[in-house]
Amino acid sequence: MAGRAKLVAVIGDEDTCTGFLLSGVGELKKTRESNFLVVEKDTSIAEIEETFRGFLGRDDVGIILINQFVAEMIRHAIDAHVQSIPAVLEIPSKEHPYDASKDSILRRAEGMFSAEDFR
Amino acid sequence: MSGKDRIDIFPSRMAQTIMKARLKGAQTGRNLLKKKADALSMRFRQILRKIIETKTLMGEVMREAAFSLAEAKFAAGDFSTTVIQNVNKAQVKVRAKKDNVAGVTLPVFEHYQEGGDSYELTGLARGGEQLAKLKRNYAKAVELLVELASLQTSFVTLDEAIKITNRRVNAIEHVIIPRIERTLSYIITELDEREREEFYRLKKIQEKKKQLKEKSEKEIARRLAELGPMAEPVNLLMEETDEDLLFE
């Protein structure tokens, strides 16, 4: 049973967004609604949070890709999101490599596995 | 806690049978739910392990993709603005399918492509090869990420399902079954008590009857002694009152 097509949203720095847009996940609707947000040094946390919540509210967004350092800024909003769809994935950026101990999803499963899995 | 009372039911033999059947039902239900929770937990652990593996893999893939982006930038100049301006329709989308595990429906993402590549002409000026490699790398990254997203959604859904099932198991084990057991013991005590009362009553009646019999025998013996040796049986025709007539 396939549901309706859903988009992959991206919230990240310029390089991340460029890369993913090149792979074809970007969409700009006629209503000037896009499914991505380029986060620069001067982007306010409020704007990021608003965009994030906007994506959560839309029913055509299935996955939200977010750079880990951006996720840190709106950590409380991400931790509050407990539904399974849309799925929030934290990806590393060029300056900030992937840190598994900060990932929201893995923190929920804390205590279920030992540190040796984090090799 | 006073909330854990027994069920209000009139104590009878049938009620006892009904309660026994209910107890059996509750125990079977509890065992089945326990098995379901175990199956779900096992699947949960599997998925968790897979997630950790995939995430580490994803870290590497992303690093490679970022590296090829730097290469492409070096070769083709800064194309970020062009790319961002030229967004219109998405070619890569995902679909949510339903998967079933031990009675729990899990959402699974499937990625598919639609339409042509809108960035075909971007690298035409210079750095076309790097750009093509970059596109491929990011496409690969997207596939991996979609898989990761499926794992994550299953993870979250399973987490909820396991919590609910465990809650039900505990509820049955600590509330429902003790309540039924208490009701059962109450019914049994009541029935025993009633039997004892019956028994006691019967005994009392027997005693009374015996006393009555002794008394009447004594009467007869006395009358016999009064009348002397001329003991005659009772003459029905001489009786004035008939005790069988209710209304005179």
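Below or above, wherever it landed, is the structure these notes cover. (Residues numbered from 1 in each chain as written. Chains lettered and ligands numbered in written order. Predicted model: local features only at pLDDT ≥ 70, side-chain atom pairs only at ≥ 80, totals over all residues. Heavy atoms only, no water.)

Observations regarding the overall build of chain A
Next up, step 1: Broken down by element type, chain A carries five helices and four strands.
Next up, step 2: Its helices and strands in sequence order give chain A the pattern β-α-β-α-β-α-α-β-α, from N to C terminus.
Next up, step 3: Put simply, chain A has 119 residues, and 55% of those count as buried.
Next up, step 4: Counted over contacts in chain A with a minimum sequence separation of 6, partners at least 24 positions apart contribute 64%.
Next up, step 5: In the structure as shown, chain A presents an accessible area of about 5600 Å², 53% of it carried by carbon and sulfur atoms. (Helix = DSSP H or I, 4+ residues; strand = E, 2+ residues; numbered from the N terminus. Buried < 20%, exposed > 50% of the residue type's maximum accessible area, 1.4 Å probe, protein only. Contact = heavy atoms within 4.5 Å. Areas by Shrake-Rupley, 256 points an atom, 1.4 Å probe, with all protein chains shown as cover.)

Thoughts on unusual backbone geometry
Next up, step 1: Positive phi outside glycine occurs at Arg32(A), with the angle close to 60°.
Next up, step 2: Structurally, the position occupied by Arg32(A) is in the loop between α1 (14-22) and β2 (36-38).

Some details on the interface of chain B and chain A
Next up, step 1: Opposite the 49 residues of chain B that make contact, chain A presents 48 residues.
Next up, step 2: Note on chain B versus chain A: buried area summed over both sides is about 4200 Å², and carbon and sulfur give 73% of it.
Next up, step 3: It is Ile52(B), Lys55(B) and Val87(B) in chain B that bury the most area against chain A; as a group they hold 12% of the surface buried on that side.
Next up, step 4: Counting across the interface, chain B meets chain A through one salt bridge.
Next up, step 5: A salt bridge links Lys73(B) to Asp15(A), with the shortest nitrogen-to-oxygen separation between them at 2.5 Å.
Next up, step 6: There are five residue pairs in polar contact (both at pLDDT 80 or more) connecting chain B and chain A.
Next up, step 7: Secondary-structure elements contributing two or more residues to the side of chain B that touches chain A are α1 (13-76), α2 (80-85), β1 (92-101), β2 (104-113) and α3 (128-227) of chain B. (Buried area = accessible area lost by both parts, 1.4 Å probe. Salt bridge = Lys/Arg side-chain N within 4 Å of Asp/Glu carboxyl O. Polar contact = N/O pair within 3.5 Å; in protein donor to acceptor, adjacent residues only side chain to side chain.)

Some thoughts on the nonpolar core
Next up, step 1: Residues Phe20(A), Leu65(A), Phe79(B) and Leu145(B) are the most contacted members of the largest nonpolar core, which totals 58 residues.
Next up, step 2: Ranked by residues supplied to this core, first place goes to α3(B) with 16 residues.
Next up, step 3: In contact with Phe20(A), not counting residues within four places along its chain, are Val10(A), Val25(A), Leu65(A), Ile91(A), Met62(B), Tyr138(B), Val142(B) and Leu145(B).
Next up, step 4: One finds Leu37(A), Ile48(A), Phe55(A) and Ile74(A) within the second-largest nonpolar core, a separate group that totals 16 residues. (Core = buried A, V, L, I, M, F, W, Y, C linked by side-chain atoms within 4.5 Å.)

Points about the pattern of salt bridges
Next up, step 1: Tallied over the entire structure, the rule returns 19 salt bridges over all chains.
Next up, step 2: Residues Arg201(B) and Glu198(B) are paired through a salt bridge, measuring 3.4 Å at the closest nitrogen-oxygen approach. Here Arg201(B) and its partner Glu198(B) are both found in helix α3, three residues apart, which amounts to about one turn of the helix.
Next up, step 3: Here Glu198(B) falls in the partly exposed class, since its relative accessible area comes to 41%.
Next up, step 4: As a salt-bridge pair, Glu226(B) and Arg222(B) come within 3.2 Å of each other at their nearest N and O atoms. Linking Glu226(B) with Arg222(B), this pair stays in helix α3, spanning four residues, or about one helical turn.
Next up, step 5: Classification of Glu226(B) by relative accessible area gives exposed; the value is 59%.
Next up, step 6: Linked through salt bridges whose partners overlap, the residues forming this network are Lys29(A), Glu33(A), Arg58(A) and Asp60(A).

A short note on α1(A)
All names here are of chain A.
Next up, step 1: Burial analysis of α1 places eight of its nine residues in the buried class, the great majority of the element.
Next up, step 2: Along α1, the positions that sit buried rather than exposed are Asp 15, Thr 16, Cys 17, Thr 18, Gly 19, Phe 20, Leu 21 and Leu 22.
Next up, step 3: Gly 24 occupies a position one or two residues after α1 and carries a positive phi of about 100°.

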